[in-house]
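# Residue-level structural notes
Single-letter residue listing:
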Amino acid sequence: MKKILAGVVLASVIVYAGGYTLAPDGTYVSGDTATLAPDDSYVGGDTATLAPDGSYVGGDSATLTPNGNYVGGSTSTMTPDGSFVGGSSYQMTPDGSYIGQ
């Protein structure tokens, strides 16, 4: 049990130079902190904000995107795969997903 717990703690602090963090569940989030939201998802930043659709986003505000999803922050940007991320730019993570910057 101690080995598993140590792995979770270590995974929560892996920060990559590109501005994203590997969360304990294996997802990548924007920024240098992965915060556990009440729905057991991880969001980037120090705050998990409840969006109007019941999802959680990182940051202090939630922005509705053209495809009907919410992202953290006050702006959204469309990525090459057609998804939207919070922020004015995006970055591809090692798993092929995109995060906002």
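Note that the structure is predicted; figures quoted are calculated from it, not measured.

### Digging into the confidence of the model for the chain
- Per-chain confidence: the chain averages 87 in pLDDT, with 82% of residues scoring 70 or above.
- Low pLDDT, under 50, characterises residues 1–13; the predicted model gives this stretch seven contacts beyond four residues in sequence or across chains.

### Observations regarding the environment of T79
- Secondary-structure assignment places T79 in the loop between β10 (76–78) and β11 (84–86).
- Separated by 20 residues in the primary sequence, T79 and I99 place their C-alpha atoms 8.9 Å from one another.
- A distance of 2.5 Å separates a polar atom in the side chain of T79 from a polar atom in the side chain of D81.

### Here we look at unusual backbone geometry
- Even without glycine at this site, D40 takes up a positive phi of about 70°.
- You can see D40 is positioned in the loop between β4 (34–36) and β5 (42–44).
- The exposed category is assigned to D40, whose relative accessible area is 60%.

What counts and how
Residues numbered from 1 in each chain as written. Predicted model: local features only at pLDDT ≥ 70, side-chain atom pairs only at ≥ 80, totals over all residues. Heavy atoms only, no water. pLDDT = per-residue confidence, 0-100. Contact = heavy atoms within 4.5 Å. Helix = DSSP H or I, 4+ residues; strand = E, 2+ residues; numbered from the N terminus. Polar contact = N/O pair within 3.5 Å; in protein donor to acceptor, adjacent residues only side chain to side chain. Buried < 20%, exposed > 50% of the residue type's maximum accessible area, 1.4 Å probe, protein only.

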